[in-house]
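# Report on the structure
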Amino acid sequence: MARGKVYLVGAGPGSPDLLTLRAKQLIDEAEVVLYDRLLNPSILEGVNAELIDVGKSAGRHSLTQEEINNLLIQKAEEGKIVVRLKGGDPYVFGRGGEEALSLRERGIPFELVPGVTSAIAAPELAGIPVTHRGISSSLTIVTGHEEPGKNSPLDWEAIARLGGTLVVLMGISRLEQNVSALIKGGKSPETLAAVVEKGGWPEQKLATGKLADIVSIAQKAEIKPPAILVVGDVVKLSEILAVKKIAILRPNGQLKESAELAESYGLKPICAPSIVLVERPLPMDLMQRVLDADCVAFTSANGVKLALKNETLRQCLATKIVVSIGPITGIALKSFGLSPEIPEEYSSEGLERMLKGRCKRVLFLRSAQGSQYLSKGLMEFGIFVDDIPLYDVHPSADPRLDKLIREAREIDIFAFTSTSTARFLVQRARELGLEVHLMDALRNATVAVIGQPTAKELERLGIRIDVMPNKFTFEAMLKTLRSYS
Ligand code: SAH
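Residues numbered from 1 in each chain as written. Predicted model: local features only at pLDDT ≥ 70, side-chain atom pairs only at ≥ 80, totals over all residues. Heavy atoms only, no water.

As a further point, take empty space enclosed by the protein. Throughout the structure, instances matching the rule amount to one cavity of 30 Å³ or more. Computed from the structure, the largest cavity encloses a volume of approximately 30 Å³. The wall of the largest cavity is formed by T140, I159, L162, G163, T165, L166 and K187. Considered class by class, the residues forming the lining of the largest cavity number three nonpolar, three polar and one charged. (1 Å grid on protein atoms, 1.4 Å probe; cavity = no way out; pocket = protein on both sides within 12 Å on 5 of 7 lines; lining within 4 Å. Points joined across faces, edges and corners; volume = space filled by probe spheres on them. Nonpolar A, V, L, I, M, F, W, Y, C, P; charged D, E, K, R; others polar.)

The following block contains the structure:
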């Protein structure tokens, strides 16, 4: 019978991007994969092998270590290529050594594939270098969850006396006992500490503080396993090096593009649409109203996309002055072959100056809830204004928004791109009974707005503003944020 082989493979801290090439290749070639609960399911997406969850899963107990060892042996003896996937590195608190010993004992061929261990990667991905010149020149990794009654218990007093960085894996369930053991052992309660949950996963969380307070800080941040505790002055660096999380509240159609843009500026986007756009049917007299106008103005790329689906309207616009309020709206219009004029200043004065002597009647094609400040100003200049609402802006019921509100304290930057994104965020928080919590998070975060009307709305809602770009685009806002600290 063909002889099987077992590969003990480290899967890294979570993201499939952090698998080694060898791990990826073996996962693709495997006939059987044994994995457990630390593994990010996306790593096994599309894998064409027998997948065996040996960890705890709903309604079923995890296999004992002995049962896992036996299963590895059994599958290998059936002649299979077996991959035993483990979070992080197999030999760092992963019981990989025990599996290797049992395979060796049975004479089953096996190979080790090291993985990126969470002990180093989780702090790293949260902006904490485990060693740093002038701050820490050693790293100690211990388990925070020792089996009771073990004959070589950890000497917390000795650990407390060590300088450098201490990383405690499996550190959450006994966080309180371990922290007090360290303090009792002589570690200064003023030492900096951090807990990192799910490092390398999309839902990664970081909470930092002094050792004396880290237990309550972790509780407040609702840190759950898998998470590690980091103790040492290197934690300070996370203030500068942690990737900042930016909340993007735009409607679904604009989320992906905005998230990619935020990523290209080195930020971590948290997408949580607070509004949805609901299209309105175009009025029967649309064409007549377009023909009557000298100028047709668009105020958003969404409006352009909805209106210009209509072929006749597109042709009709070729003979009109087409105005775009904002460069991105302009790009959308150009993509339909139109040549919009863009005022230098996005105010009724700017628009009037641009249109002077050329236009008696302007038609706005835009959101039903669009700000009226441009129309009002134009009417004061004696220009007749017509307005066709293309879509309504409604509050979204997206679960991502509720999650964002609950975890608002995690957010470093809130980016507001319209009055309605702000209004409906606050409204939803109120419905959830979390308005005070949200306002508190907003006070501690950086708040960016795209332009004046949104700034006014935030002022009305009692939210302080830190950043407003000169140009009226999401990207300009990201650029301005870059120079703000
Ligand atoms: N072999 C693994 C560690 C297994 S012990 C490794 O090398 O990473 C399990 C512990 O690892 C968890 O309790 C937690 O403390 C830590 N851990 C694993 N993955 C983690 C992650 N993505 N973020 C934070 N901690 C993690």
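Bringing the site of the ligand into the picture now. In the vicinity of the ligand, 19 residues are found, and the nearest of them are V92, T117, S118, M170 and A227. With respect to the ligand, the side chain of S118 contributes an N or O atom lying 2.7 Å from an oxygen atom. Its free accessible area being 540 Å², the ligand has 93% of it covered by the protein chains. Elements supplying a minimum of two residues to the shell around the ligand: helix 4 (118-125) and strand 10 (227-231). For the shell around the ligand, the class distribution of residues is 12 nonpolar, five polar and two charged. Both domains that furnish three or more residues to the shell around the ligand are identified here as domain 1 (5-116) and domain 2 (120-241). (Near = heavy atom within 4 Å. Polar contact = N/O pair within 3.5 Å; in protein donor to acceptor, adjacent residues only side chain to side chain. Areas by Shrake-Rupley, 256 points an atom, 1.4 Å probe, with all protein chains shown as cover. Helix = DSSP H or I, 4+ residues; strand = E, 2+ residues; numbered from the N terminus. Domains from an automatic or database assignment.)

The domain boundaries assigned to the protein delineate domain 1 (5-116), domain 2 (120-241), domain 3 (245-274 + 396-483) and domain 4 (277-395). Taking only C-alpha atoms into account, the centre of domain 2 sits 31 Å from that of domain 3. Contacts between domain 2 and domain 3 engage six residues on the former and four residues on the latter. Across the domain 2 to domain 3 interface the summed buried area is about 400 Å²; carbon plus sulfur atoms make up 35%. Per-residue buried area on domain 2 facing domain 3 is highest for Q204, K205 and K220; these three make up 63% of the total on that side. (Contact = heavy atoms within 4.5 Å. Buried area = accessible area lost by both parts, 1.4 Å probe.)

This part takes up the pattern of salt bridges. Per the stated rule, a full pass over the model turns up 33 salt bridges. Close ionic contact of E111 with R22 constitutes a salt bridge, the shortest N to O distance being 2.9 Å. Taken together, the positions of E111 in strand 5 (residues 110-113) and R22 in helix 1 (residues 21-29) put the pair 89 residues apart, joining distant regions of the chain. Its relative accessible area of 24% is what places E111 among the partly exposed residues. Here K80 ties to E78 by a salt bridge, and the two come within 3.0 Å at their closest N and O atoms. (Salt bridge = Lys/Arg side-chain N within 4 Å of Asp/Glu carboxyl O. Buried < 20%, exposed > 50% of the residue type's maximum accessible area, 1.4 Å probe, protein only.)

With that settled, the discussion passes to unusual backbone geometry. In this structure, P226 follows P225 across a cis peptide bond, with omega equal to -5°. With respect to the helices, strands and loops of the structure, P226 is situated in the loop between helix 7 (214-220) and strand 10. In this model, R95 sits at a positive phi of 60°, which is unusual for a non-glycine residue. One can find R95 in the loop between strand 4 (81-86) and helix 3 (96-106). One non-glycine residue, M170, lies in positive phi territory at about 50°.

What follows is about the pairing of strand 8 (residues 192-197). Judged by how many residues are buried, strand 8 sits mostly within the fold: five of six residues are covered. In terms of strand pairing, strand 8 meets strand 10 through five bridges, oriented antiparallel. The residue bridging V195 from the neighbouring strand is L229, located in strand 10. (Pairing = 2+ DSSP bridges.)

This part covers the packing of helix 17 (residues 419-431) against helix 19 (residues 452-461). Packing of helix 17 against helix 19 leaves a shortest axis separation of 8 Å and a crossing angle of 20°. Classed by the angle they form, the pair helix 17 and helix 19 counts as roughly parallel. Contact with helix 17, carried on its side by T419, A422, R423 and V426, involves P453, T454, E457, L458, R460 and L461 of helix 19 and no other residues of that element. (Axes fitted to C-alpha atoms, helices over the stretch in contact; angles between N-to-C directions. Parallel < 35°, antiparallel > 145°, perpendicular 65-115°, else oblique.)

Our next topic: the packing of aromatic side chains. Tallied over the entire structure, the rule returns one aromatic pair. Sitting over the ring of W201, K198 keeps its end group 4.1 Å from the ring centre. (Phe/Tyr/Trp six-rings, centres within 6.5 Å; stacked < 30°, edge-to-face > 60°. Lys NZ or Arg CZ within 6 Å of the ring centre and 35° of its normal.)

In any sheet, the strands associate via hydrogen bonds between backbone groups, in a parallel or an antiparallel arrangement. What the five strands build is an open sheet, ordered 6-7-10-8-9; its pairing is mixed. The sheet is open, and its two edges are formed by strand 6 (139-143) and strand 9 (205-210), each paired on a single side. Averaged over all pairs of adjacent strands, the angle between their axes in this sheet comes to 20°, without regard to strand direction. Sheet topology places strand 6 next to strand 7 (residues 165-169); five bridges connect them, and they run parallel. Of the residues in strand 7, the one forming a bridge with V142 is V168. Along the sheet, helix 4 makes contact with strand 6, strand 7, strand 8 and strand 10, crossing strand 10 at roughly 75°.

In this section: the sheet that holds strand 17 (residues 384-395). If you walk across this open sheet you meet the five strands as 13-17-16-14-15, and the pairing is mixed. In this open sheet, the two strands that pair with only one neighbour each are strand 13 (275-279) and strand 15 (321-324). Taking each pair of neighbouring strands and ignoring which way they run, the sheet shows an average axis angle of 25°. The pairing of strand 14 (residues 295-298) with strand 15 spans four bridges and is parallel. Across the sheet, the residue bridging to F298 is S324, located in strand 15. Where helix 13 (residues 327-335) meets the sheet, it contacts strand 14 and strand 15, and its direction lies at approximately 140° from that of strand 15. Each of strand 14, strand 15 and strand 16 (361-367) is contacted by helix 14 (residues 348-355), which is oriented at about 155° to strand 15, the strand it contacts most.

The next thing to look at is the packing of helix 16 (residues 399-406) against helix 17. At their nearest, the axes of helix 16 and helix 17 sit 10 Å apart, and the two run at 75° to each other. In terms of orientation, helix 16 and helix 17 fall into the roughly perpendicular class. Where helix 16 abuts helix 17, its residues L401, D402, L404 and I405 lie against L425, R428 and A429. Here the residues of the contact of helix 16 with helix 17 are counted per class, giving five nonpolar, no polar and two charged.

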